[in-house]
Amino acid sequence: MMITGTLIAGVSATVAVLGFVFTRYREFKQDTEALERRIADLQSEQKLLKQRLDKIENEQVVLESELKNVQMKINEIDVKLSRVLTILELQHEKQQRPA
């Protein structure tokens, strides 16, 4: 009778330990799978962000080039306006001189 009680207690303890170990393994496996999915998602997001950043950098280069062109044109207009103003001032001075 004592052997049967000890055997039942041993089997019960073994089943409990195995159940606990299996539960921990299953939780660990689920956590690992969740982490792997999250890592994959983050890697995808990182690739998309890198592509967007590359696109923004390329657009910035284009915008800088266009800005330089606009600045050059503004400078050209400024020079032309200065010439026109000089011509107009000279004509005004000629008109105000007594003949």
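Since this is a predicted model, take the numbers as computed values, not measurements.

Cut-off values and rules
- Residues numbered from 1 in each chain as written.
- Predicted model: local features only at pLDDT ≥ 70, side-chain atom pairs only at ≥ 80, totals over all residues.
- Heavy atoms only, no water.
- Helix = DSSP H or I, 4+ residues; strand = E, 2+ residues; numbered from the N terminus.
- Rg over C-alpha atoms; globule rule 2.2 N^0.38 Å.
- Buried < 20%, exposed > 50% of the residue type's maximum accessible area, 1.4 Å probe, protein only.
- Areas by Shrake-Rupley, 256 points an atom, 1.4 Å probe, with all protein chains shown as cover.
- Lys, Arg positive; Asp, Glu negative; His and termini not counted.
- Charge placed at Lys NZ, Arg CZ, Asp CG, Glu CD.
- Salt bridge = Lys/Arg side-chain N within 4 Å of Asp/Glu carboxyl O.
- Patch = residues over 30% accessible without salt bridge, like charges linked within 9 Å, V, L, I, M, F, W, Y side chains within 5 Å.

Asker: Would you mind showing me how to read the overall build of the chain here?
Answerer: Across its full length, the chain carries one helix and zero strands. Radius of gyration (C-alpha) of the chain: 42 Å, far over the 13 Å computed for a compact globule of 99 residues. Counting only C-alpha atoms and orienting by the principal axes, one finds that the chain spans roughly 145 × 20 × 5 Å. Across the 99 residues in the chain, those meeting the buried criterion constitute 0%. Of the roughly 9700 Å² that the chain leaves accessible, carbon and sulfur atoms contribute 63%. Averaging the locations of the 15 positively and 15 negatively charged side chains of the chain gives two centres separated by 2 Å.

Asker: Just to check I follow, could you spell out the environment of Val-62 for this structure?
Answerer: Within the secondary structure, Val-62 is located in helix α1 (residues 2-96). The exposure class assigned to Val-62 is partly exposed, which follows from its relative accessible area of 44%. With 30 residues separating them in the primary sequence, Val-62 and His-92 have C-alpha atoms 45 Å apart.

Asker: Even after reading the chapter, I still don't get the pattern of salt bridges, so can you show me in this structure?
Answerer: Oppositely charged side chains can pair when the atoms bearing their charge come close. All chains considered together, the criterion is met by two salt bridges. In this structure, Arg-24 and Glu-27 form a salt bridge, with 2.9 Å as the shortest nitrogen-oxygen distance. Highlighted residues: Arg-24 and Glu-27, both in helix α1, separated by three residues, approximately one helical turn. Its relative accessible area of 33% is what places Glu-27 among the partly exposed residues.

Asker: Where do I start with a nonpolar patch on the surface in this structure?
Answerer: On the surface, a cluster of nonpolar side chains totalling about 280 Å² of accessible area is made up of Leu-7, Val-11 and Val-15. Counting through the fold element by element, Leu-7 comes out in helix α1.

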